[in-house]
Amino acid sequence: MPPRVIVAMSGGVDSAVAAARLHAAGEHEVVGVTLHLWDYADDPGAKAHARCCAPEDQYDARRTADALGFAHYTFDRRELFAEKVVAPFVEAYLAGETPSPCTACNRGVKLAELFAIADRLGARFVATGHYARVLPGEHGPRLAAGLDASKDQSYFLYATPRAWLERLVFPLGQSNKTEVRGEAVARALPGAGKGESQELCFVGAGAGAYARFVEKRAGGRVRPGAIVDSSGRAVGRHEGVHRFTVGQRKGLGVALGKPAFVARIDPESATVHLGEGDALDARGAEIDDVTFADGVELPIERARVRVRYRHEGATGRIARAGEGRATIAFDEPVRAVTKGQVAVLYDERDRVMGGGRISGAIA
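As a starting point, this report considers the structure included with it. (Residues numbered from 1 in each chain as written. Predicted model: local features only at pLDDT ≥ 70, side-chain atom pairs only at ≥ 80, totals over all residues. Heavy atoms only, no water.)

**Considerations on the packing of helix H3 (residues 78–94) against helix H4 (residues 101–120)**
Two quantities define a packed helix pair, namely the angle between the axes and the distance from one axis to the other. In the contact formed by H3 and H4, the axes pass within 10 Å of each other and the chain directions differ by 170°. Classified by the interaxial angle, the pair formed by H3 and H4 is roughly antiparallel. Between H3, through Leu80, Phe81, Lys84, Val85 and Phe89, and H4, the contact on the second element is made entirely by Pro101, Ala104, Cys105, Gly108, Val109 and Glu113. (Axes fitted to C-alpha atoms, helices over the stretch in contact; angles between N-to-C directions. Helix = DSSP H or I, 4+ residues; strand = E, 2+ residues; numbered from the N terminus. Parallel < 35°, antiparallel > 145°, perpendicular 65-115°, else oblique. Contact = heavy atoms within 4.5 Å.)

Okay, structure coming up:
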């Protein structure tokens, strides 16, 4: 009997092709697993929702499993998702931060639950549709970026421990999105024509969706405040710091006659500080809740550091700053280093060295 693998199936194209490839290879007994994490938001202003939470997406995952000929199960993890992802997301925005909920979800909900379910079902491996790779290393398997740089999702998986990497399978790690979508069509998989997920699955799309989502769950803690320019002069008012993020230029509600960006957010006084472009430059960053791959030790003399998902990365040196904390010194200033996002470190082979939550920028 071949070893069993459970495949995380969201109902989207990527996870469907990942499952199809594993099933066609015939080297594993494939079992599909869908985690029910959230329901559609009851927000009439949200135009659309991303994949992985809608009832029809769960249905599409089951249709794919049925079409390919393997078992499929759905597990309700809505309460855990609300606790581990949604509540911290709201708290972070109220604190003037810009969280990275997909990293929290993969770390504390999706992968953790998938491995627990794998153990219950007697599965040796766990497969997902992430665009990432696992490469061999001197100290064991290492997470690495997917070959399609435009779709690479290793950033969201940076905290994956070695014990999980030894059992993780990424069937799409060597592929690009175009060929994956073409394969879905060629295999006539259900949902092959679905569009891309662009927004967070639990918030929805449309202007103001994030703000409405936070306000609905803030429990009356949203406070209006002042918008000030670089000299400290009040130039406007706002309805809550959760409506802003460092680096933001549009939707500020003020006109200064020249380009202005959110340079800093002070949640204590509910003040949003504006500045010109150079006010966003940071020489370094402070990170906490750091995790590193086995064999990686501080200081790290050179690493490529991504400070947000769409950031290509900047080289820098990483030094210890106390228990669970580190500092990053960039070779060149980096724009919009934002509290609440995560900094992920890569070596010259695009292997993940570690990362942590950004707790502050160093000007």
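**Some points on the packing of helix H1 (residues 13–25) against helix H6 (residues 177–186)**
For the pair H1 and H6, the least separation of the axes is 9 Å and the interaxial angle reads 70°. Accordingly, the angle class assigned to the pair H1 and H6 is roughly perpendicular. Within the contact between the two elements, H1 uses Val13, Asp14, Val17 and Arg21 and H6 uses Lys177, Glu179, Val180, Arg181, Glu183 and Ala184.

**Thoughts on the pattern of salt bridges**
Under the definition given, this model contains 26 salt bridges. In this structure, Arg78 and Asp39 form a salt bridge, with 2.9 Å as the shortest nitrogen-oxygen distance. Placement of the pair is Arg78 in helix H3 and Asp39 in the loop between strand S2 (29–36) and helix H2 (55–68), with a sequence separation of 39 residues. Among the residues examined, Arg78 registers a relative accessible area of 33% and is labelled partly exposed. The exposure class assigned to Asp39 is partly exposed, which follows from its relative accessible area of 32%. Among the salt bridges present, the one from Glu91 reaches Arg221, with a minimum N-O distance of 2.7 Å. Taken together, the positions of Glu91 in helix H3 and Arg221 in the loop between helix H7 (209–216) and strand S8 (225–228) put the pair 130 residues apart, joining distant regions of the chain. Glu91 gets classed as partly exposed once you look at its relative accessible area, which sits at 39%. (Salt bridge = Lys/Arg side-chain N within 4 Å of Asp/Glu carboxyl O. Buried < 20%, exposed > 50% of the residue type's maximum accessible area, 1.4 Å probe, protein only.)

**Here's the deal with unusual backbone geometry**
Residues Leu298 and Pro299 are joined by a peptide bond in cis, for which omega reads 0°. Positionally, Pro299 belongs in the loop between strand S12 (281–292) and strand S13 (300–306). Positive phi values are uncommon outside glycine, yet Ala270 reaches one of about 55°. Counting through the fold element by element, Ala270 comes out in the loop between strand S10 (261–266) and strand S11 (271–275). Its identity as a non-glycine residue notwithstanding, Asp350 has a phi of 65°, on the positive side. With respect to the element layout, Asp350 can be found in the loop between strand S16 (342–346) and strand S17 (352–362). Given the relative accessible area of 30%, Asp350 is considered partly exposed.

**A look at the sheet that holds strand S1 (residues 4–8)**
Across the sheet, which stays open at both edges, the 5 strands sit in the order S3-S2-S1-S4-S7 with parallel pairing between neighbours. On the outer flanks of this sheet lie strand S3 (71–76) and strand S7 (168–169), each paired with one strand and no other. Looking at chain direction, S1 and strand S4 (residues 125–127) are connected through 3 bridges and run parallel. Looking at S4, one finds that Ile6 is bridged to Val126. Relative to S1, H1 is tilted by about 165°, and along the sheet it contacts S1, S2, S4 and S7. (Pairing = 2+ DSSP bridges.)

**Considerations on the sheet that holds strand S14 (residues 314–320)**
Overall, antiparallel pairing links the 6 strands, which are arranged S12-S15-S14-S13-S16-S17 in a closed barrel. In this sheet, neighbouring strand axes are inclined to one another by 45° on average, regardless of whether the strands run parallel or antiparallel. In the sheet, S12 pairs with S17 via 7 bridges, with the strands oriented antiparallel. Following the sheet pairing, Asp288 is matched in S17 by Arg357.

**Section: the packing of aromatic side chains**
Taken as a whole and judged by the stated rule, the model has 14 aromatic pairs. Taking 5.5 Å as the distance between ring centres and 85° as the angle between the ring planes, the aromatic pair formed by Tyr155 and Phe156 counts as edge-to-face. For the pair formed by Tyr155 and Phe156, the shared burial category is buried. Among the aromatic side chains, those forming a connected cluster through ring pairs are Trp38, Phe81, Phe89, Tyr93, Phe202, Tyr210 and Phe213. Taking NZ or CZ as reference, Arg217 lies 3.8 Å from the ring centre of Phe213, over its face. (Phe/Tyr/Trp six-rings, centres within 6.5 Å; stacked < 30°, edge-to-face > 60°. Lys NZ or Arg CZ within 6 Å of the ring centre and 35° of its normal.)

**Here we look at the nonpolar core**
Counting residues in each nonpolar core, the largest one holds 48 residues, and the members touching the most others are Ile6, Phe81, Phe89, Leu114, Phe202 and Phe213. Looking at this core, the elements with two or more residues in it are S1, S2, H3, H4, strand S6 (142–145), H7 and S16. Here Leu114 is in contact with Ile6, Ala8, Val33, Leu35, Val109, Val126 and Thr128, once residues within four sequence places are set aside. The next biggest cluster of nonpolar side chains, apart from the first, holds 22 residues, and it includes Val290, Val305, Phe330 and Ile358. (Core = buried A, V, L, I, M, F, W, Y, C linked by side-chain atoms within 4.5 Å.)

**So, the environment of Val254**
Relative to the elements of secondary structure, Val254 occurs in the loop between strand S9 (234–238) and S10. C-alpha of Val254 to C-alpha of Val228: the two residues are 26 residues apart in sequence and 9.9 Å apart in space.

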